[in-house]
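# What the coordinates show
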Amino acid sequence: MTTETQVSANLRAGPREWLGLFVLTLPTILLALDATVLNLAVPHISADLEPTSTELLWTVDIYGFMIAGFLVTAGTLGDRVGRRRLLMCGALGFGLASVLAATATSPETLIAARALLGVTGASLMPSTLALISTMFRDARQRGVAISVWVTCFSVGIAVGPVLGGALLQWFWWGSVFLLAVPVMVVLLVVTPLLLPEHRAPDSGRVDLASVALSLVTVLPVIYGIKRLAGHGLDAAAVGTVLVGVVFGVAFVRRQRGLADPLLDPRLFANRAFTAALLVLLLGLGLMGGLYLFVTQYLQLVAGLSPIRAGLWLLPAAGALIVTSSLTPVIAARARPGFVVGGALFVSALGYALIGVVDSVDGLPLLVTGFVLIYAGISPMMVLGTDLVVGSAPPEKAGSAAAMSETAMEFGIAMGVAGLGSVVTAVYRDEINGALPRDLPASVASTARDTLAGADAVSDAMGAQVLAEAREAFTNGLNLASGVAGVLVAVLAVTAMVLLRHVPAGGDEGNG
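Throughout what follows, the structure given in this document is the object of discussion. (Residues numbered from 1 in each chain as written. Predicted model: local features only at pLDDT ≥ 70, side-chain atom pairs only at ≥ 80, totals over all residues. Heavy atoms only, no water.)

Bringing the environment of Ala434 into the picture now. Mapped onto the fold, Ala434 is located in helix H15 (residues 397-434). For Ala434, a relative accessible area of 21% puts it in the partly exposed group. When the C-alpha positions of Ala434 and Val465 are compared, they lie 6.5 Å apart, and in sequence the two are 31 residues distant. If near-sequence neighbours (up to four positions away) are discounted, Ala434 is found in contact with Val465 and Glu468. (Helix = DSSP H or I, 4+ residues; strand = E, 2+ residues; numbered from the N terminus. Buried < 20%, exposed > 50% of the residue type's maximum accessible area, 1.4 Å probe, protein only. Contact = heavy atoms within 4.5 Å.)

What follows is the structure, encoded as structure tokens:
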């Protein structure tokens, strides 16, 4: 056996690592479940807690925003205090926050619980990816392991709507959050038995000033974007975004001067790392933004029950599972840039189909379009994540994994806010002209706020006005999907250009 072969054999993972991978997929499945079941529960939350449109968007968005705010800190903290230890702490916190969300009696309490879920969830995902990079040092095996990780995310998406729909059919909306509790219990029991502990050698202390700067960079920008979506362009929105940008500049400058930075700017010197982050941010942001309104279309426009809506989402989730499983095989023979770019063009076609869906008999076309979107997004998730994690040195795996998750979670939350503002603007503009002049002011205000509100007061408005509301919502969905399709097509070309240097089946290394 040659020295090169011996080194390769020493890098290869054994049965213990593959069993450990199963443990690492548990939080992945859970977080996918959490995202999908919440979208199905939105109409029920609206009916029970009666949130405003802004509160409803915050309920959906705050989870991803808090994850985005704390992921970098959590990833670096895992590198320094131990990735397994951080994973277990996050599992305990996530379980407790899930119970709080399930028992919320007001929109404010639910938003607070979702924020806590985001903070604790931030410690789960980078820990799983960083441990995968530690356990699977061989590039081919790491690619397969990440494909399994993404596939399990797809399984969560597939099971989530059906399981969540069944719970919503027979129990109250809070039951969807209690799904996390048994999963977290299992994770806490088996993690010490199968997963190795790993921390970076000779790592310094976490710089608290950098943690503070990272938060005051992200949160003002988020608030500004949310205000833009709800109130339009005003001084408060622009001002808070600028405040975040100023603190962001200060954050970057501080990182460059630290021996042990919270986020190492040198990671961005690797072109594959930077390009993959960009593709993950935009691609998943657009898909995640549209998903919320697709689920609302199924229930509020097509009139499906939660469990039937979940079943109609299964074909898209199945496409995601199939393509994520096939991606490593295809990428072994074709350059990742062309695999990702070609798949994104498939997604763009799906967005185009949803862009022409109508409010009467558009269900088959909507489902077909969503299948294409999911089929095209999976290679980007698998290869993008692998490029980000594989490009970083082992001692920075947690930080790199955190950046990958930051791009995905922040992108999805931004997509919901951005595309949501498009749907809301079209809906409100069109519904204003459809409401009868003699409608009571409180009923008109509720109907004007959201389609869920219009559905709740449909008895007072009449069937014709509700049909107009559904048409207005569908037109907003059409425009948002058309905009997303154009952006995804541009992203496909960008991915081909920026990732053209990455070889088929290759490893960018740690440069």
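Let us look at the side chain of Arg114. Its location among the elements puts Arg114 in helix H5 (residues 107-121). A distance of 3.1 Å separates the side chain of Arg114 from the backbone oxygen of Thr59, its partner in a polar contact. Apart from the residues within four sequence positions on either side, Arg114 is in contact with Asp34, Leu38, Thr59, Val60, Ile62, Tyr63 and Phe177. (Polar contact = N/O pair within 3.5 Å; in protein donor to acceptor, adjacent residues only side chain to side chain.)

So, on to the packing of aromatic side chains. For the coordinates displayed, the defined rule picks out five aromatic pairs. Geometrically, the ring pair formed by Trp173 and Phe177 is edge-to-face, given 6.3 Å between the ring centres and 85° between the ring planes. Across this residue pair, the class does not change: Trp173 and Phe177 are buried. Seen in terms of ring centroids, Tyr291 and Phe370 are 5.7 Å apart; in terms of plane orientation they differ by 35°. Their pairing is tilted. Note that Tyr291 is positioned in helix H11 (residues 271-301) and Phe370 in helix H14 (residues 363-390), a separation of 79 residues in sequence. Each member of the pair, Tyr291 as well as Phe370, carries the same accessibility label: buried. (Phe/Tyr/Trp six-rings, centres within 6.5 Å; stacked < 30°, edge-to-face > 60°.)

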